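Structural overview for review
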Amino acid sequence: MASTSSPTLHLSTELKFPFDPSHRRSRKITVAPSLSFGKTDRSPELIALRYRRRRAPVPPSSSLSNAVLNEHTTQDRVRDDNAPNPPQLEVQSRIWTWRGYSIRYQCCGDSGPALILIHGFGANSDHWRKNIPVLAKSHRVYAIDLIGYGYSDKPNPRGFGDDLFYTFETWATQISDFSVQVVKDKAFFICNSIGGVVGLQAAVMQPQICRGIVILNISLRMLHIKKQPWYGRPLIRSFQNLLRNTLVGKFFFNSVATPESVKSILCQCYHDTSQVTDELVQKILQPGLEPGAVDVFLEFICYSGGPLPEELLPHVKCPVLIAWGDKDPWEPIELGRAFRSFDSVEDFVVLPDVGHCPQDEAPHLVNPLVESFVARHATRSTAST
């Protein structure tokens with residue numbers, strides 16, 4: 001999942017609970033027609049005009065996304081924090097029954113383009129608590145607990161025989177059905193870590209449901225069997241079998257499923273450790289103590305198959321924006337930069353001094369990027385209808 005080479009380091013980077021300056025390459029983006037949501041007050045033209053008035057002109061090679069990012073510097077954050085906070089919209093928690101399983105999701109906002117927020121490994125929809133009410137001011141926002149995580153049901157993976165249940169295909173199908181049955185519209189996918197692989201997989205399987213994807217520090221899946229040298233594969237399989245089929249795995253889970261361990265893990269992946277609050281620790285830990293969570297945890301860290309991001313991106317038909325915290329110790333930005341070469345990726349934006357979970361550590365940077373990306377692609381797709 002993270003980019004390291006030794007088996008020991010591989011193990012440590014699998015334990016993710018939450019789980020540059022670059023330029024936009026000019027190209028013509030073809031966006032499928034979609035329903036009109038009306039005009040937005042954050043059009044690309046207004047954002048660019050606002051940026052030109054406040055700062056020096058954006059160099060020709062800079063992207064609009066980077067212009068928006070530059071507009072929300074640390075000084076802007078301090079000024080915003082000192083300003084009066086307007087009342088936030090109410091976030092509702094609901095249950096959706098999917099294939100007989102109870103799925104928890106949160107929603108907020110009643111107008112504008114639909115957004116589906118997809119969390120990472122070991123996390124849940126509460127990891128988007130700093131984004132949902134802000135984005136809901138001009139969007140219909142849905143944050144979902146993937147099956148096996150958060151407060152969604154956690155069916156025992158051994159109940160499916162030899163078939164793997166907790167796979168990216170399962171989660172992608174869940175997202176597709178959620179779009180059809182709950183959102184009842186095309187949506188933009190906003191994803192973190194393994195949620196990025198889920199979003200890409202859903203967009204490939206059902207391209208008609210996705211209008212665009214924003215990916216934050218996608219999992220590189222460095223423990224994937226294809227990325228291991230031939231001589232190391234038997235060792236990895238043996239270690240995975242030890243975790244999955246013996247008491248070693250449950251002992252290991254119990255050792256990390258404590259407030260102290262969760263806080264330590266979060267402090268590894270957050271560059272600004274002041275954002276690792278007791279509230280955050282409880283949001284991540286509490287659902288992980290529910291019955292069945294240990295089996296899901298062990299099943300996924302032993303999952304070395306499935307798709308890789310670089311295998312999915314060539315098949316994605318909608319526009320993709322990738323943003324990356326440059327202080328991510330688990331998914332090195334140097335490897336992530338290679339994704340700029342794919343035609344579907346219109347932007348690769350570096351988030352300075354940010355770790356693996358930018359949506360929670362630096363929402364003042366992530367929320368404007370999401371808003372500007374959605375605004376320009378919602379406008380384009382509306383114009384094409």
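Scroll up a little and you will see the structure.
Residues numbered from 1 in each chain as written. Predicted model: local features only at pLDDT ≥ 70, side-chain atom pairs only at ≥ 80, totals over all residues. Heavy atoms only, no water.

**Structural notes on the side chain of S179**
Structurally, S179 is set in helix 6 (residues 168-183). S179 sits in the buried class, given a relative accessible area of 1%. Once residues within four sequence positions are removed from consideration, S179 is found in contact with I116, K184, D185, F189 and I209. (Helix = DSSP H or I, 4+ residues; strand = E, 2+ residues; numbered from the N terminus. Buried < 20%, exposed > 50% of the residue type's maximum accessible area, 1.4 Å probe, protein only. Contact = heavy atoms within 4.5 Å.)

**So, the pairing of strand 6 (residues 210-216)**
Most of strand 6 sits inside the fold, with 7 of its 7 residues counted as buried. As paired strands, strand 5 (residues 187-192) and strand 6 are joined by 6 bridges and run parallel to one another. Bridge pairing links A187 to C210 in strand 6. In the classification by handedness, the crossover that spans strand 5, the intervening helix 7 (residues 194-205) and the parallel strand 6 is right-handed. By the bridge criterion, 4 bridges tie strand 6 to strand 7 (residues 320-325) in an arrangement that is parallel. Each bridged residue has a counterpart across the sheet, and for I213 the counterpart in strand 7 is V320. (Pairing = 2+ DSSP bridges. Right-handed = clockwise from strand over helix to strand, strands pointing away.)

**Let's talk about the sheet that holds strand 1 (residues 92-98)**
As summarised here, the arrangement of the 8 strands in space is 1-2-4-3-5-6-7-8, forming an open sheet in which the pairing is mixed. What marks the edges here is a single partner per strand, and that holds for strand 1 and strand 8 (345-351). Each adjacent strand pair in this sheet contributes to an overall mean axis angle of 20 degrees, direction not counted. The strands touched by helix 7 within the sheet are strand 3 (114-118), strand 5 and strand 6, with strand 5 carrying the most contacts at an inclination of about 150 degrees. (Axes fitted to C-alpha atoms, helices over the stretch in contact; angles between N-to-C directions.)

**Points about the packing of aromatic side chains**
In this structure the tally under the stated criterion is 23 aromatic pairs. Ring geometry for F121 against Y149: centres 6.0 Å apart, planes inclined by 85 degrees, an arrangement best described as edge-to-face. With F121 in the loop between strand 3 and helix 5 (132-135) and Y149 in the loop between strand 4 (140-144) and helix 6, the pair connects residues that are 28 residues apart, well separated along the chain. R221 extends its terminal NZ or CZ atom over the ring of Y303, reaching a point 5.0 Å from the ring centre. In this structure, R340 packs its charged tip against the face of F348, placed 5.8 Å from the ring centre. (Phe/Tyr/Trp six-rings, centres within 6.5 Å; stacked < 30°, edge-to-face > 60°. Lys NZ or Arg CZ within 6 Å of the ring centre and 35° of its normal.)

By themselves, these are just geometric observations and shouldn't be taken as functional.
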